Amino acid sequence: MHINYDSIGYREIGVKHFDLGFTIRSAQPLTFYADYDRVSRTLVYPSDGKIINLRELESGRGRRIGIASKSIDYAVYDVKRRFRLGDRLSSIYGAISTDATMEGLIQNFSGMRITLNDPWETTMCYILSQYNNIPRIRGITKRMIARFGSDIFGDHDSVVGKAFPKSHEIAAASEKSIVECGAGFRAKYLVEAADYCTNNIDMARLGKLDYPELKDELLQIKGVGDKVADCIALFGYGKLEAFPVDVWIKRIVERLYFRGRKKSIKEIHRFAEDKWGRYAGVAQQYLFFHGISGGLEGNGKKK
DNA sequence: ACCCAGGCGGGCG
DNA sequence: CGCCCGCATGGG
């Protein structure tokens, strides 16, 4: 996706506590398909039939971001919503700074935000994520978009990008065609989930439920288990108390808080709920990013 | 060649 | 409840 429209809108806004690079590099759903350039600190992503271009500007005191899009008003609204710029990160930090370890992570990754993504997109991304690795999830997701997403048009009917596939588009796809994108055994979960999300549940309506009820509903989807349901709740519905426990989180919590002693997923959930409460999901993202960016070297796994 | 990945469903005791 | 297994595929 490139910015090659003829007429383009542009606006700059100031934001406290925002680091686009950390946010993107912490492997949230947006990361699985949007293009981020680390040198220019620019993100390009599709949203509701538009291409949005977001750049982190050189900042003195307080961050500034530049937003470019053909539909600039919509783009500004979308960026604010998508990156949850209305959250007061300083008060969230205050709430989860329960120990020196978390304080350190917050200091290291200050400005990393939890993104808010379309529920179906989030569901698809995390079904693809199971028993998989991040670079590969990216590849599969991009091939799925190229194959099943609809075109996004700029001026003069020129195609400027592809939209993330809608659930009905995946529901209509053959399992074979999804396997061809590299989804492997997850393909059958995906078509079933797509059908379920198209015909059996109103994903937008689920947003009105509170976290426990929402999770129960999500667990009805085949291919969505405890961990993926928490990811959808956190990244798709903004339930900041959701604390997805994957292999990284399990290892890092065991290492940082239990001196390397093995703990069950259930015990880790209880620990996180007690310790970080309604912002556990935010704490989770800082732990996760610490893990995938080398925080487990030595005692645990490499990478 | 080798290991493992932002797990899940199903089957078992 | 807990445990164990198979699962498709390719990045590192």
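Computed from a predicted model, the values in this text were never measured in an experiment.

Rules used throughout
Note on numbering: residues in each chain are counted from 1, in written sequence order. Lettering for chains starts from A, numbering for ligands starts from 1, and both go in the order in which the items are written. Totals for whole chains, interfaces and linings use every residue, but because this is a predicted model, local features are given only for residues with pLDDT of at least 70 and side-chain atom pairs only at 80 or more, for both listing and counting. Only hydrogens and water are set aside when side-chain values are computed; all heavy atoms of the structure are taken into account. Any two strands between which DSSP finds at least two bridges are classified as paired. Numbering goes from the N terminus for both helices and strands, where a helix is a DSSP run of H or I of at least four residues and a strand is a run of E of at least two. Here, axes are lines fitted to C-alpha atoms. For helices the fit covers the stretch in contact, and angles between N-to-C directions go from 0 to 180 degrees. Every residue pair with non-hydrogen atoms within 4.5 Å of one another is taken to be in contact. UniProt positions are given in the numbering used here, feature names are shortened, and annotations may be inferred rather than shown by experiment. Any Lys or Arg side-chain nitrogen located within 4 Å of an Asp or Glu carboxyl oxygen qualifies as a salt bridge. Throughout, exposure labels follow a simple rule: accessible area from a 1.4 Å probe, protein chains only, divided by the maximum for the residue type, with under 20% read as buried, over 50% as exposed, and the rest as partly exposed. How far each domain reaches was decided by an automatic or database domain assignment. Put simply, Ala, Val, Leu, Ile, Met, Phe, Trp, Tyr, Cys and Pro go in the nonpolar bin, Asp, Glu, Lys and Arg in the charged bin, and everything else, Gly too, in the polar bin. Throughout, the term near means that a residue has one or more heavy atoms lying within 4 Å of the molecule or strand in question. Polar contacts here mean pairs of N or O atoms no more than 3.5 Å apart (in protein, one a potential hydrogen donor and the other a potential acceptor; neighbouring residues in sequence count only if both atoms are side-chain atoms). A helix is expected to span 1.5 Å for every residue after the first. Planes of paired rings set the category: under 30 degrees apart is stacked, over 60 is edge-to-face and the rest tilted, where pairs are Phe, Tyr or Trp rings (Trp by its six-membered ring) whose centres lie within 6.5 Å. Look at NZ for Lys and CZ for Arg. If either is within 6 Å of the ring centre and within 35 degrees of the ring normal, a charge sits over the ring.

A. Molecular detail of the sheet that holds strand β3 (residues 42-47). Read from one edge to the other, the open sheet built from 5 strands follows the order β1-β5-β4-β3-β2, with strand pairing classed as antiparallel. The sheet is open, and its two borders are formed by β1 (9-15) and β2 (35-37), each paired with just one other strand. Strand-to-strand, the axes of this sheet are offset by a mean angle of 20°, without reference to chain direction. Direction of pairing for β1 relative to strand β5 (residues 63-69): antiparallel, over a ladder of 7 bridges. Counted as the bridge partner of G9 is S69 from β5. Contacts from helix α2 (residues 72-82) reach β1, β3, β4 (50-56) and β5 within the one sheet, and its direction differs from that of β5 by about 135°.

B. Representation of the UniProt feature "domain: HhH-GPD" (unreviewed entry) in chain A. UniProt's feature table lists "domain: HhH-GPD" (unreviewed entry) at residues 128-292, given in the numbering used throughout. Each end of residues 128-292 is marked by a C-alpha atom, and these two atoms are 18 Å apart; helix forms 59% of the span and strand 4%.

C. Summary view of the pattern of salt bridges. Applying the stated criterion to the full structure yields 18 salt bridges. Two residues, D73 and R11, come together in a salt bridge whose shortest N-O distance is 2.7 Å. Highlighted residues: D73 in helix α2 and R11 in strand β1, separated in sequence by 62 residues. The class of D73 is exposed, set by a relative accessible area of 53%.

D. Inspection of the domain arrangement of chain A at higher detail. Under the domain assignment used here, chain A contains domain 1 (9-86) and domain 2 (119-224). Domain 1 and domain 2 are separated by 23 Å when their C-alpha centres are compared. Facing the 14 residues of domain 1 at the interface are 18 residues of domain 2. Here domain 1 is connected to domain 2 by 2 salt bridges. K70 serves as the salt-bridge partner of D155, at 2.9 Å between the closest nitrogen and oxygen. Its residues assigned to classes, the side of domain 1 that touches domain 2 comprises 7 nonpolar, 3 polar and 4 charged.

E. Quick peek at the protein's contact with DNA strand B. Around DNA strand B, a shell composed of 30 residues is seen, among which N132, N133, I134, D246 and Q284 lie nearest. Per the 4 Å cut-off to the protein, sugar and phosphate atoms form 61% of the nearby atoms of DNA strand B. For DNA strand B, a phosphate oxygen lies 3.4 Å from a polar atom in the backbone of V247. Note that a phosphate oxygen of DNA strand B is positioned 2.9 Å from one of the side-chain N or O atoms of W248.

F. Seen up close, helix α11 (residues 226-237). Between its first and last C-alpha atoms α11 spans 15 Å; for 12 residues at 1.5 Å apiece the expected length is 16 Å, and the two agree. Within α11, 10 of the 12 residues are buried, leaving the element largely enclosed by the surrounding structure. Residues of α11 that are buried: V228, A229, D230, C231, I232, A233, L234, F235, G236 and Y237. Here the buried face of α11 lies against α5 (119-129), α10 (211-218), α13 (265-276) and α14 (280-295). Note on α11: the residue one or two positions beyond its end, G238, has a positive phi of about 70°.

G. Quick look at the protein's contact with DNA strand C. Every residue close to DNA strand C is listed here: Y131, N133, P135, R136, V179, G184, F185, R186, K188 and K266. Within 4 Å of the protein, the atoms of DNA strand C are drawn from sugar and phosphate moieties in a proportion of 62%. Between R186 and DNA strand C, the recorded distance is 3.3 Å, taken from a side-chain N or O atom to a base nitrogen. For the surface near DNA strand C, the secondary structure elements donating two or more residues are α6 (134-148) and α9 (186-199). Split into classes, the residues belonging to the surface near DNA strand C amount to 4 nonpolar, 2 polar and 4 charged.

H. Representation of the packing of aromatic side chains within the structure. Overall, the coordinates contain 14 aromatic pairs when judged by the stated rule. For the ring pair Y93 and Y286, a centre distance of 5.9 Å and an interplane angle of 90° mean the geometry is edge-to-face. Here Y93 is found in helix α3 (residues 89-96), whereas its partner Y286 is found in helix α14, with 193 residues between them in sequence. With respect to class, Y93 is no different from Y286; both count as buried. Through successive ring pairs, a cluster of aromatic residues spans F243, Y257, F258, F271 and W276. Directly above the aromatic system of Y74 lies the positively charged group of K50, at a separation of 4.6 Å from the ring centroid. A cation over an aromatic ring shows up here: R251 above the ring of W248, its NZ or CZ 4.9 Å from the ring centre.

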